[in-house]
Amino acid sequence: RLDEARQLNALLQAYNPDRPVSFYDTEWGLHSEAADGGKAWAEPRNANIVGTLYRAVRMLYYAREDVVEGAAGWNLFSMSHNPGFLLIASDKREQRSMLFWLYHHFSRHLGDDVVSITGRAPYHPDPRDADAPGFPLTPVMATLSADSSRLFVMIVNGSWERDMPAHLRLAGFTARACDTVLLRHDDLNAHPLLKNDAEFVHDLPVTLAGDTLSLTLPSHSITFLTLTR
């Protein structure tokens with residue numbers, strides 16, 4: 001709950017008016033019990049495309065909104081027969097996991113400065129409150145490299161079924177090229193450890209015309225863009 005994190009930040013500041021106090025998220029990740037009632041570390045969805053999308057959205061907002069000082073997902077090493085929080089499998093180190101590729105590309109597409117964005121996106125209604133505005137279905141983050149030569153954009157499409165057309169107008173940034181990475185997998189019950197990285201890591205065609213970038217965001221996917229002057 002990002003709003004709750006903001007409330008906690010406000011409380012920390014109120015009780016510590018004369019010193020900086022930082023808020024860290026030390027253990028986080030999708031934490032659902034297995035369908036048969038087993039432990040969360042036995043449930044593949046906590047770390048396959050479902051858990052990867054969850055973490056992607058959370059990381060995007062953490063970085064974009066400056067909610068916390070830092071965050072650490074759990075855990076780094078696991079065994080392949082405990083897939084729920086699998087990042088690196090100690091018994092199959094030659095294989096990469098879905099979470100590995102998320103962190104790999106997130107760290108390489110996070111610039112030094114967050115860029116302000118405006119626009120409209122489809123919303124998903126809040127199932128707990130019919131009067132609430134809901135949640136953006138395609139959250140976006142844009143960051144700029146320290147020398148302003150590269151603009152990084154991260155977009156998550158949280159819909160399982162709907163592809164979303166997207167048009168981004170680049171105000172004040174003239175891009176000559178755009179490199180893309182798409183993370184996507186169609187099996188809700190897949191093991192998060194990939195036999196072949198191409199199952200999960202894809203290219204994505206985009207059209208760059210003047211100051212406008214156009215693309216289609218595939219359902220249940222994470223898109224990383226690198227625009228270069």
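Preceding this section is the structure that the text describes.
First things first, this report covers the structure right here in the doc.

Criteria and cut-off values
- Residues numbered from 1 in each chain as written.
- Predicted model: local features only at pLDDT ≥ 70, side-chain atom pairs only at ≥ 80, totals over all residues.
- Heavy atoms only, no water.
- Buried < 20%, exposed > 50% of the residue type's maximum accessible area, 1.4 Å probe, protein only.
- Helix = DSSP H or I, 4+ residues; strand = E, 2+ residues; numbered from the N terminus.
- Pairing = 2+ DSSP bridges.
- Axes fitted to C-alpha atoms, helices over the stretch in contact; angles between N-to-C directions.
- Parallel < 35°, antiparallel > 145°, perpendicular 65-115°, else oblique.
- Left-handed = near helix turned anticlockwise from the far one by under 90°.
- Contact = heavy atoms within 4.5 Å.
- Arc of directions from axis to C-beta.
- Core = buried A, V, L, I, M, F, W, Y, C linked by side-chain atoms within 4.5 Å.
- Salt bridge = Lys/Arg side-chain N within 4 Å of Asp/Glu carboxyl O.

**As for the pairing of strand β14 (residues 212–217)**
Alternating positions in β14 separate cleanly, Leu 213, Leu 215 and Leu 217 being buried on one face and Thr 212, Ser 214 and Thr 216 remaining unburied on the opposite face. Across six bridges, the pairing between strand β10 (residues 164–169) and β14 is antiparallel. In the strand pairing of β14, Leu 168 is matched with Leu 213. Note that strand β13 (residues 207–209) and β14 share three bridges and pair antiparallel. What sits directly across from Ala 209, in β14, is Thr 212.

**Some remarks on the packing of helix α2 (residues 49–65) against helix α3 (residues 98–108)**
The geometry of α2 relative to α3 is characterised by a closest axis approach of 9 Å and an angle of 25° between their N-to-C directions. One way to sum up the angle between α2 and α3 is to call them roughly parallel. The way α2 lies across α3 gives a crossing that is right-handed. Here Ile 49, Gly 51, Thr 52, Arg 55, Ala 56, Met 59, Leu 60 and Ala 63 of α2 lie close against α3, whose contacting residues are Met 98, Leu 99, Leu 102, Tyr 103 and Phe 106.

**Observations regarding α3**
Listing the buried residues of α3 in full gives Met 98, Leu 99, Trp 101, Leu 102, His 105 and Phe 106. Considered in projection along α3, the buried side chains sweep an arc of 160° and stay on one side of the axis. Check the buried side of α3 and you find it contacts α2, β8 (140–144), β9 (150–157), β11 (177–184), β12 (201–202) and β15 (221–228).

**As for the sheet that holds β10**
Strand order in the open sheet formed by three strands is β10-β14-β13, and the pairing between neighbours is antiparallel. Strands at the two margins of the open sheet, each flanked by one partner only, are β10 and β13. Adjacent strand axes in the sheet meet at a mean angle of 20° when their direction is disregarded.

**Remarks on the sheet that holds β8**
Pairing between the strands of a sheet comes from backbone hydrogen bonds, and it takes one of two forms, parallel or antiparallel. As summarised here, the arrangement of the six strands in space is β5-β8-β9-β15-β11-β12, forming an open sheet in which the pairing is antiparallel. The sheet is open, and its two edges are formed by β5 (113–115) and β12, each paired on a single side. In this sheet, β15 lies alongside β11 in antiparallel orientation, the contact comprising eight bridges. Among the inter-strand pairings, Ala 177 is bridged to a residue of β15, identified as Thr 228. Lying over the sheet, α2 contacts β5, β8, β9, β11 and β15, oriented at roughly 135° with respect to β9.

**Quick word on the nonpolar core**
Across soluble globular proteins, you tend to see nonpolar side chains buried next to one another. With 24 residues, the main nonpolar core has Leu 102, Met 154, Val 156, Leu 183, Phe 200, Ile 222 and Phe 224 as its most contacted residues. Secondary structure elements with two or more residues in this core: α2, α3, β9, β11 and β15. The element contributing the most residues to this core is α2, with six residues. Setting aside chain neighbours within four positions, we find Ile 222 in contact with Thr 52, Leu 53, Ala 56, Leu 102, Met 154, Ile 155, Val 156, Val 181, Leu 182 and Leu 183. Counting 20 residues, the second-largest nonpolar core is a separate cluster that includes Leu 137, Ala 142, Leu 213 and Leu 225.

**Brief notes about the pattern of salt bridges**
Per the stated rule, a full pass over the model turns up five salt bridges. Glu 65 is the salt-bridge partner of Arg 6, the closest N and O atoms lying 3.4 Å from each other. Of this pair, Arg 6 sits in helix α1 (residues 2–15) while Glu 65 sits in helix α2, placing them 59 residues apart in sequence. By relative accessible area, which is 30% here, Glu 65 ends up partly exposed.

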